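Structural overview
The primary structure of each chain is shown beneath.
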Amino acid sequence: MNTVTAALGTDRARRLRAALTVLLAAAVAVGAPFYFAPFQVFQLTMVLLYAVALAGLNLLVGFGGQISLGHGAFFAAGAYTAAVMLDRYDTGHLATLPVAAAGCFLLGLGFGVPALRLRGLYLALVTLSFAVFLPPLLKRLEPVTGGSMGLTVDKLQPPAWSGLAEDQWMYFVVLAVTAVALLLARNLLRSRAGRALLAVRDNESAAEVMGVRLSLHKTLAFAWSAMFAGVAGCLYTWVIGFVSPDSFTFVLSITLLAGLVVGGLGSLYGPLLGAAFVMYVPSVSQDVSEAAPGVVFGLLIITVMFVAPTGLAGLPGRVLGAVARRLPRTTAALDHPPEAESGRDTEPKSGAEPESSATLTPADPAVVDAEPVGASPRTEKE
């Protein structure tokens, strides 16, 4: 009974801490646009939309055990879907979001077919090829995509009743979409499909024996991942108001994957940390070295991976574990101090006999009975 009560108490405390953390994060997120300057609010908005893209990539790589170097292509597909609808068909901004999500879901569903036969580096090369050939394709489709010049669309404007500036309204809209996306990813992982995805990642043979359909869940992993990327691309069009093929090169795909690894694979909070890394580190690298910002960016990634091999999301647990391992040693050292080494001037304890000398003394019987070297043997008379 005591064990059950302790378990319930621990679970209740854990839920209370989680609720307090969520409330604190929500309060900070709501108050941020009223405290920071417009450009800083814009940066926070970009962090949020990148977090949506990384949440989808985390489903595929972190929880699905597959690898993709073409996530930027799905990001571009969602961005161009929104831009074409706004520019060619003059639809509302909110109408572009479900269309971009559904279109990228179907695109990921079709692209997930190679994942059934490929894995590892081979799958990475196939997805990378998708990210490489998409920008030239967008330039070729000039009547629809605007070619190399891209498309310029209107940004999402705040309603009159809100009383907010454009950057603040955009921030709150993206914040709401990001919260829904992260909640959807969390619930998806806790569902039956999410547990099957984790089983496929851990051991495909064991998952198949347990009745998990590998082909279905691998394909769905690509579809869900592409849908999240498409939503992030649609938000990108709303925020920037301009899309061009040069904005979605294969470098974007590699940057997103690097951001996810730095943030923490398989962590629900990793996408947020990785998105902040993707947004702020390149600008910091540019400030440090205008000649070679890529070198600084690479060195920062190496440093983070050296300090936190499991990503920034796992760094607090790593630090707490190191402190917990060190505390018992420190306590034991304080409770049992090392004894002082005996020196030559240390007096022997009372009643203790002095240590025998290594040199034989004349009082030693061995010396008395011993004959000197070279002496003549003694006779009985002597």
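Data block above holds the structure.
Residue indices follow the written sequence of each chain, beginning from 1 at its first position. It should be noted that, the model being predicted, local features are given only for residues of pLDDT at least 70 and side-chain atom pairs only at 80 or more, the latter also being counted only at that level, while totals for whole chains, interfaces and linings use all residues. By convention in this description, side-chain values take in all heavy atoms of the structure and omit both hydrogens and water.

This part takes up the packing of aromatic side chains. Aromatic rings from Phe, Tyr and Trp, taking only the six-membered ring of Trp, are treated as a pair when their centres fall within 6.5 Å; an angle between ring planes under 30 degrees marks them as stacked, one over 60 as edge-to-face, and anything in between as tilted. The final tally for this structure, using the stated rule, is 16 aromatic pairs. Relative to F111, the ring of F74 has its centre 6.0 Å away and its plane inclined at 80 degrees; by these criteria the two rings are edge-to-face. Of the two residues, F74 is situated in helix α3 (residues 71-88) and F111 in helix α4 (residues 93-111); the sequence distance between them amounts to 37 residues. You'll find F74 and F111 in the same group, each marked buried. Note on F105 and W224: the rings are 5.8 Å apart at their centroids and 80 degrees apart in plane angle, and the pair reads as edge-to-face. Linking F105 in helix α4 with W224 in helix α10 (residues 214-240), this pair joins segments that are 119 residues apart in sequence. The rings of Y50, F75, Y80, Y236 and F248 are connected pair by pair, giving a single aromatic cluster. A run of DSSP states H or I qualifies as a helix once it reaches four residues; a run of E qualifies as a strand once it reaches two. Both are numbered from the N-terminal end. Relative accessible area decides the class of each residue, using a 1.4 Å probe on protein chains only: under 20% of the type maximum gives buried, over 50% gives exposed, and in between gives partly exposed.

Before going further, it helps to spend a moment on the side chain of S244. Among the structural elements, S244 can be located in the loop between β2 (242-243) and α11 (250-263). Assessed through its relative accessible area of 7%, S244 is described here as buried.

This brings us to the pattern of salt bridges. Basic side-chain nitrogens of Lys or Arg form a salt bridge, by our definition, when they fall within 4 Å of a carboxyl oxygen of Asp or Glu. Tallied over the full model, the rule gives two salt bridges. For R88, the salt bridge is made with D87, and the minimal N-O distance between the two is 3.5 Å. Since its relative accessible area comes to 39%, R88 is described here as partly exposed. Notably, a salt bridge pairs D246 with K139, separated by 3.4 Å at the nearest N-O pair. Taken as a pair, D246 in the loop between β2 and α11 and K139 in helix α5 (residues 121-140) lie far apart in primary sequence, 107 residues in all. On the accessibility criterion, D246 (53% relative accessible area) is exposed. Residue classification places K139 among the partly exposed residues on the basis of a relative accessible area of 36%.

Once that is clear, we can look at a nonpolar patch on the surface. The grouping of V132, F250, V251 and I254 at the surface amounts to a nonpolar patch, some 320 Å² of accessible area in total. In terms of residues, the nonpolar patch owes the most to one element, α11, which gives three residues. Along the chain, the position of F250 falls in helix α11. With relative accessibility at 37%, the residue F250 sits in the partly exposed group. Put simply, a patch holds well-exposed residues, over 30% relative accessible area, that have no salt bridge, with like charges counted together within 9 Å and Val, Leu, Ile, Met, Phe, Trp or Tyr side chains within 5 Å. Exposure was quantified through the Shrake-Rupley algorithm and a 1.4 Å probe, taking into account, for residues, occlusion by the shown protein chains and nothing else.

With that settled, the discussion passes to the packing of helix α2 (residues 38-62) against α10. For any two helices packed against each other, one specifies the crossing angle of their axes together with the interaxial distance. Lines fitted to the C-alpha atoms define the axes, with helices restricted to the stretch that makes contact. Angles between their N-to-C directions range from 0 to 180 degrees. Where α2 meets α10, the axes come as close as 6 Å, and the angle between the chain directions of the two elements is 170 degrees. For the element pair α2 / α10, the angle class is roughly antiparallel. Two packed elements cross with a definite hand, and for α2 against α10 that hand is left-handed. Side by side, α2 and α10 meet where F42, T45, M46, L49, V52, A53, A55, G56, L57, L59 and L60 of the first sit next to A221, F222, W224, S225, F228, A229, V231, A232, L235, Y236, V239 and I240 of the second. Nonpolar residues are Ala, Val, Leu, Ile, Met, Phe, Trp, Tyr, Cys and Pro. Charged residues are Asp, Glu, Lys and Arg, and all others, Gly as well, are polar. Split by residue class, the contact of α2 with α10 holds 20 nonpolar, three polar and no charged. Any angle that falls under 35 degrees is termed roughly parallel, while one over 145 is termed roughly antiparallel, one within 65 to 115 roughly perpendicular, and all others oblique. It is the rotation of the near helix from the far one that decides the hand of a crossing: anticlockwise by less than a right angle makes it left-handed, clockwise makes it right-handed. Any pair of residues with heavy atoms lying within 4.5 Å of one another is described as a contacting pair.

Further remarks concern α11. One less than the number of residues in a helix, times 1.5 Å, gives the span that helix is expected to have. Between the first and last C-alpha of α11 there are 20 Å, a value that for 14 residues agrees with the 20 Å anticipated at 1.5 Å per step. Most of α11 sits inside the fold, with 10 of its 14 residues counted as buried. For α11, the complete set of buried residues consists of L252, S253, T255, L256, L257, A258, G259, L260, V262 and G263. For α11, the elements touching its buried residues are α2, α3, α5, α12 (270-288) and α13 (293-307). G264, located one to two residues past α11, shows a positive phi value of around 135 degrees.

The next thing to look at is the environment of P33. With respect to the secondary-structure elements, P33 resides in helix α1 (residues 2-35). The spatial distance from the C-alpha of P33 to the C-alpha of L44 is 8.7 Å, given a sequence separation of 11 residues. In contact with P33, not counting residues within four places along its chain, are V41, Q168, Y171 and F172.

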